[in-house]
Amino acid sequence: LAKTTQPISMDSYEGQEVNITCSHNNIATNDYITWYQQFPSQGPRFIIQGYKTKVTNEVASLFIPADRKSSTLSLPRVSLSDTAVYYCLVGRITGTASKLTFGTGTRLQVTL
Amino acid sequence: EPEVTQTPSHQVTQMGQEVILRCVPISNHLYFYWYRQILGQKVEFLVSFYNNEISEKSEIFDDQFSVERPDGSNFTLKIRSTKLEDSAMYFCASSEALGGSGGLNNEPFFGPGTRLTVL
């Protein structure tokens, strides 16, 4: 699976928009991009997923350029409760499994 | 909102002992997974399970590990003879379908985890 690279950490103030960019240069044609959030001592929680262009849900937006070598997770107006680790993952369906390979993630710290 | 549940939340065991970690996936989900996270490290894939058989496993998932769906609701991970390095948070996950097709339920939902401490 394609290796992902994302910032180790980011800081933001409450109410700001946060954009976390991830690179996945070796993404394959059938791979998709998915983002998860993890709070300390909890399981990862799905945020958003996409294949190309832009995807938006009630929580976030995901921007994927045409070459798909990177993606950007956009969190509008973050709050203190958005302080967490955010993982960019490249997913691949292998037979009868969706295998997710986690990287080290981006630790987002939101302050007042 | 449906959720994946795991028991126990914390398991302490002696090296060499067998442990069974239990999970109840979301009821209409068909694909089941175990991941683990050693303290301070990445979340690692262990195994996926579909239609009552393992569909993929990682190199971590050696002969000491096994999974089972003993009935229609539970999904278990057994470690036959625990080692110190098995100490980690173990996450069960399930999905209704395979990921990548854009639906929320296609991506694995993770449980809260079981913290395994091997002494």
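Rules and cut-offs
- Residues numbered from 1 in each chain as written.
- Chains lettered and ligands numbered in written order.
- Predicted model: local features only at pLDDT ≥ 70, side-chain atom pairs only at ≥ 80, totals over all residues.
- Heavy atoms only, no water.
- Helix = DSSP H or I, 4+ residues; strand = E, 2+ residues; numbered from the N terminus.
- Rg over C-alpha atoms; globule rule 2.2 N^0.38 Å.
- Buried < 20%, exposed > 50% of the residue type's maximum accessible area, 1.4 Å probe, protein only.
- Contact = heavy atoms within 4.5 Å.
- Areas by Shrake-Rupley, 256 points an atom, 1.4 Å probe, with all protein chains shown as cover.
- Lys, Arg positive; Asp, Glu negative; His and termini not counted.
- Charge placed at Lys NZ, Arg CZ, Asp CG, Glu CD.
- Pairing = 2+ DSSP bridges.
- Axes fitted to C-alpha atoms, helices over the stretch in contact; angles between N-to-C directions.

**Q** Outline the overall build of chain B, supporting the account with residue identities and numerical values.
**A** Helix and strand counts for chain B stand at zero helices and eleven strands. Counting from the amino terminus, chain B carries its helices and strands in the arrangement β-β-β-β-β-β-β-β-β-β-β. Scaling as 2.2 N^0.38, a compact globule of 119 residues should have a C-alpha radius of gyration of about 14 Å, and chain B matches this with 14 Å. Along the longest, intermediate and shortest principal axes, the C-alpha atoms of chain B span 40 × 30 × 25 Å. Going through the 119 residues of chain B one by one, you find that 45% of them count as buried. Taking as baseline every contact in chain B between residues at least 6 positions apart, the subset at least 24 positions apart corresponds to 56%. Total accessible area on chain B is roughly 5800 Å²; 47% of this is exposed by carbon and sulfur atoms. Within chain B, the 15 negative side-chain charges are centred at a point lying 6 Å from the centre of the 9 positive side-chain charges.

**Q** Describe the sheet that holds strand β7 (residues 70-75) of chain A, with residues and values.
**A** Residues and elements named next belong to chain A. Spatially, the four strands line up as an open sheet ordered β2-β7-β6-β5, and their pairing is antiparallel. Only two strands of the sheet have a single partner each, and these edge strands are β2 (18-23) and β5 (53-56). Neighbour-to-neighbour, the strand axes of the sheet open up by a mean angle of 15 degrees, direction not taken into account. For strand β6 (residues 61-64) and β7, the ladder comprises three bridges, and the chain directions are antiparallel.

**Q** Describe the pairing of strand β6 (residues 53-57) of chain B, listing the residues and the values that go with them.
**A** Residues and elements named next belong to chain B. Relative to β6, strand β5 (residues 43-50) is paired through four bridges, and the arrangement is antiparallel. From the neighbouring strand, Ser-48 faces β6, where its bridge partner is Glu-56. Between β5 and the antiparallel strand that follows it, β6, lie two residues; Asn-51 among them carries a positive phi value of about 55 degrees.

**Q** Could you give me a rundown of unusual backbone geometry, with the residues and numbers involved?
**A** Put simply, Thr-7 of chain B and Pro-8 of chain B share a cis peptide bond, and its omega is -10 degrees. Along the chain, Pro-8 of chain B falls in the loop between β1 (5-7) and β2 (10-13). In this structure, Arg-77 of chain A is a non-glycine residue whose phi angle is positive, near 50 degrees. Following the sequence through the fold, Arg-77 of chain A ends up in the loop between β7 and β8 (84-93).

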